Amino acid sequence: MIKVENLSKSFGPKVAVNDVSFTLERGEILGFLGPNGAGKSTTMRMITGYTPPTAGVIRVGGNDVTEKPIEAKRLMGYLPESAPLYTDMTVEGFLGFCAEVRGINGADKAKAIDRAIEMCFLKSVRHQSVDTLSKGFRHRTGFAQAIIHDPDILVMDEPTDGLDPNQKHEVRSLIRRMGQSKAIIFSTHILEEVEAACTRAIIIDQGKIVANGTPDELKAKSELADSYVVSISGIEASAVRDKLGSVIQAAKVTIVNDKAPTVVARVFPKKAGTDGELGQAIFAAAAQHNWKINEIKKEEGRLDDVFRNITLSDTKTQ
Amino acid sequence: MKSIWTITKRELAGYFNSPVAYVFLVIFLLMTAAFTFLIGQFMDRNQATLQPFFMWHPWIYLFLVPAVGMRLWSEERRQGTMELLLTLPISLWHCIIGKFLASWLFLTLALVMTFPIWITVNYLGDPDNSVIIASYIGSFFLAGAYLSITSMTSAFTRNQVISFILSVVICLFLVLCGWPPVTDVVETLAPRSVVEFVVAFSVMPGIEQFNNGQIDSRAVIYFLSVIGFPLFATSIIIRGLRA
Ligand SMILES: Nc1ncnc2c1ncn2[C@@H]1O[C@H](COP(=O)(O)OP(=O)(O)OP(=O)(O)O)[C@@H](O)[C@H]1O
Ligand SMILES: [Mg+2]
């Protein structure tokens, strides 16, 4: 539904987005990750037709956004960063305005407003003026505006920013539910959100895509992926390191915690993705040396690790 | 077309949702009355004409019209709602015209509310009502011209005060470059052709024609272009902001 080809955007000498290409189909929820200033918002502004690209083509439902902006915009709902709203209106009035501009009138309009208010839990502030809303309610009103016309495509810039934990959870499940029938792209700084809601994630750094895959694929890139954490009682740390280090499948052993009588060690595999072999070897070693194992856990890899590793470049150069 | 009206409606409601609109209407009516009766000495003239009422409009509008229009785009920029508005499925032109029309309608309402003075002059004497109608039309165009300039200056900055000052300055130029006390001075310094060129920019000759009861096609074209050009400039400024 969205096809982005070789998209670039420069502001004067500053390159904000650099040759970005990706596609998004119905049923997909794409998480857009990246450090501050990576170019996430700029990319979304180009997709939604606010900022014209310096180079590249964006197609939304087959419409070139530069050539047929109105047709493309009709298919999309957009929640801009920090959810700007007309503060001189009530929540209901604002949603009504957005519906009318999108050609929804009369009974359909009332229905669309009711639906959006219900989905975004805005009932209690329905008749309240927007400028007296709390930040979270403002954000929810912005979200409601984006889904007022039940669009096929949703573009959201940090949709859970400023929400309380309950609302974050609600919005995530809402996104997941809507994602079954829509194409959704949203940016976030919360990595658990990507695991909780996304079918795919793109990490962008300094305007370039540095990773594109399912959350599991990205996690597998972590150094910690497929390593084992073992907690053993009644033994010296050095002994654990020696014995586990000599296990054939182990590449490296690090001691995570050494507080007598318990030692916690992390064992890295020589080859990632080998199912359980290292675990079996650790159990065998423990049995052989009669260790008291408290706990053994296989690590799936952590997104924040991957994120930090691939995007650290810019903090280093600064 | 429908979307223009949706924008206009929202913008108009914005005016009336705040007390500023009512304050403005009262100030406008008080000022026109004060100028007409105190400075224009409407009563002492003993003439059945609204000349002393309309002659002050270019000056009264000079401050009141920029005050009405200064928030048109600067507020959208400051609040960030421009991003919301321009990603809705409507063209930029519809937005510009819709907003412009809203404030023009608001000013027209203010103008219409001066009707008691028209009734008064008809009650007291026997004025030429066709002249009065032409003068009202001239005043309507004048408000549109100032407003269009304010639309342009408000797209230029996110600060309403700067937008206000810029448009007062530009409108003042359009008044002064055709105001006899100024043109008389210019005439002593520059050749006649220069004076005529400068006066051609002014709103004053056109307004005088309307106030004399003439609806001249050249004056109408002048006002339509003074409305059209700044609106066009508004669209260029906004396109530039997004790039
Ligand atoms: N209108 C503009 N003029 C000049 N530079 C801009 C403009 N908009 C964005 N930039 C620059 O482009 C780069 C990318 O900005 P962008 O807002 O897309 O980042 P982001 O990934 O959304 O960051 P964040 O996580 O902080 O929201 C930044 O360096 C920013 O300063
Ligand atoms: Mg951003």
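Residues numbered from 1 in each chain as written. Chains lettered and ligands numbered in written order. Predicted model: local features only at pLDDT ≥ 70, side-chain atom pairs only at ≥ 80, totals over all residues. Heavy atoms only, no water.

Quick word on the overall build of chain A
A tally of regular secondary structure across chain A gives twelve helices and 14 strands. Seen through its principal axes, chain A has C-alpha atoms that stretch 80 × 45 × 35 Å. For chain A, the exposed surface amounts to about 14,400 Å²; the carbon and sulfur share of it is 49%. Of the side chains in chain A, 41 bear a positive and 41 a negative charge, and the two mean positions are spaced by 1 Å. (Helix = DSSP H or I, 4+ residues; strand = E, 2+ residues; numbered from the N terminus. Areas by Shrake-Rupley, 256 points an atom, 1.4 Å probe, with all protein chains shown as cover. Lys, Arg positive; Asp, Glu negative; His and termini not counted. Charge placed at Lys NZ, Arg CZ, Asp CG, Glu CD.)

Some words on a nonpolar patch on the surface
Residues and elements named next belong to chain B. On the surface, Trp93, Phe229, Phe232 and Ile236 cluster together into a nonpolar patch covering about 420 Å² of accessible area. The greatest single-element share of the nonpolar patch, amounting to three residues, is contributed by helix α15 (residues 217–242). Mapped onto the secondary structure, Phe232 falls in helix α15. Given a relative accessible area of 43%, Phe232 falls into the partly exposed group. (Patch = residues over 30% accessible without salt bridge, like charges linked within 9 Å, V, L, I, M, F, W, Y side chains within 5 Å. Salt bridge = Lys/Arg side-chain N within 4 Å of Asp/Glu carboxyl O. Buried < 20%, exposed > 50% of the residue type's maximum accessible area, 1.4 Å probe, protein only.)

What to know about the domain arrangement of chain A
What the domain assignment reports for chain A is domain 1 (2–220) and domain 2 (228–299). Each of domain 1 of chain A and domain 2 of chain A has a C-alpha centre, and these two points are 45 Å apart. (Domains from an automatic or database assignment.)

Observations concerning the coordination of the magnesium ion (ligand 2)
Residues and elements named next belong to chain A. Around the magnesium ion (ligand 2), the donor atoms from the protein are Ser41 (OG) and Glu81 (OE), and they sit 1.9 to 2.3 Å away. Linking Ser41 in helix α1 (residues 40–47) with Glu81 in the loop between β6 (76–79) and α3 (91–101), this pair joins segments that are 40 residues apart in sequence. The class of Ser41 is buried, set by a relative accessible area of 13%. On the basis of relative accessible area, Glu81 is assigned to the partly exposed category, the value being 30%. (Donors = N, O, S within 2.8 Å, 3.2 Å for Na, K, Ca; no water.)

Here's the deal with the site of ligand 1
Residue and element names in this part refer to chain A. Around ligand 1 lies a shell of 14 residues, among which Gly37, Lys40, Ser41, Thr42 and Glu81 are the nearest. Asn36 is positioned such that a nitrogen or oxygen atom in its side chain is 2.9 Å from an oxygen atom of ligand 1. Relative to its free-state accessible area of 630 Å², ligand 1 is covered by the protein chains to the extent of 66%. Secondary-structure elements contributing two or more residues to the shell around ligand 1 are β2 (14–24) and α1. (Near = heavy atom within 4 Å. Polar contact = N/O pair within 3.5 Å; in protein donor to acceptor, adjacent residues only side chain to side chain.)

A word on the interface of chain B and chain A
Contacts between chain B and chain A engage 24 residues on the former and 26 residues on the latter. Of the roughly 2,400 Å² buried where chain B meets chain A, counting both sides, 59% is carbon and sulfur surface. Taken as a group, B:Arg10, B:Glu83 and B:Pro89 account for 28% of the area that chain B buries against chain A, more than any other trio of residues on that side. One can count four salt bridges joining chain B with chain A. For B:Arg10, the salt bridge is made with A:Asp88, and the minimal N-O distance between the two is 3.3 Å. On inspection of chain B and its partner chain A, the count reaches eleven residue pairs in polar contact (both at pLDDT 80 or more). Of all the secondary-structure elements, those providing two or more residues to the side of chain B that touches chain A are α1 (2–17), α6 (71–79) and α7 (81–85) of chain B. In terms of residues, the side of chain B that touches chain A owes the most to one element, α1(B), which gives seven residues. Taken together, the residues of the side of chain B that touches chain A sort by class into nine nonpolar, eight polar and seven charged. (Contact = heavy atoms within 4.5 Å. Buried area = accessible area lost by both parts, 1.4 Å probe. Nonpolar A, V, L, I, M, F, W, Y, C, P; charged D, E, K, R; others polar.)

So, the packing of aromatic side chains
All told, the structure shown has 23 aromatic pairs over all chains when counted by the stated rule. Pairing B:Phe16 with B:Phe106 gives two aromatic rings, centres 5.5 Å apart and planes at 70°, and the pair type is edge-to-face. One end of the pair, B:Phe16, is in helix α1; the other, B:Phe106, is in helix α8 (residues 92–112), and 90 residues separate them in sequence. Site record: aromatic cluster; members linked through ring pairs are B:Tyr15, B:Phe16, B:Tyr22, B:Phe24, B:Phe28, B:Tyr61 and B:Phe106. The ring of A:Tyr86 carries B:Arg10 above its face, with NZ or CZ at 3.6 Å from the centroid. (Phe/Tyr/Trp six-rings, centres within 6.5 Å; stacked < 30°, edge-to-face > 60°. Lys NZ or Arg CZ within 6 Å of the ring centre and 35° of its normal.)

Some thoughts on the pattern of salt bridges
Across all of its chains, the model carries 21 salt bridges over all chains by this definition. A salt bridge links A:Glu28 to A:Arg200, with the shortest nitrogen-to-oxygen separation between them at 2.8 Å. A residue pair is termed long-range when its members are at least 10 positions apart, and A:Glu28 in the loop between β2 and β3 (29–33) and A:Arg200 in strand β9 (residues 200–205) qualify at 172 residues. Given the relative accessible area of 14%, A:Arg200 is considered buried. Members of the salt-bridge network, linked through shared partners, are A:Asp88, B:Arg10, B:Glu11, B:Arg71, B:Glu76 and B:Lys99.

Quick word on the pairing of strand β8 (residues 183–187) of chain A
Residue and element names in this part refer to chain A. Of all five residues in β8, five are buried; the element is thus mostly enclosed. Where burial is concerned, the two faces of β8 agree: the one with Ala183, Ile185 and Ser187 and the one with Ile184 and Phe186 are both buried. Judged from the five bridges that link them, strand β7 (residues 153–157) and β8 form a sheet pairing that is parallel. Looking across to β8, one finds that Ile153 is bridged to Ala183. In this fold, the crossover linking β7 to β8 by way of helix α6 (residues 165–179) has right-handed handedness. (Pairing = 2+ DSSP bridges. Right-handed = clockwise from strand over helix to strand, strands pointing away.)

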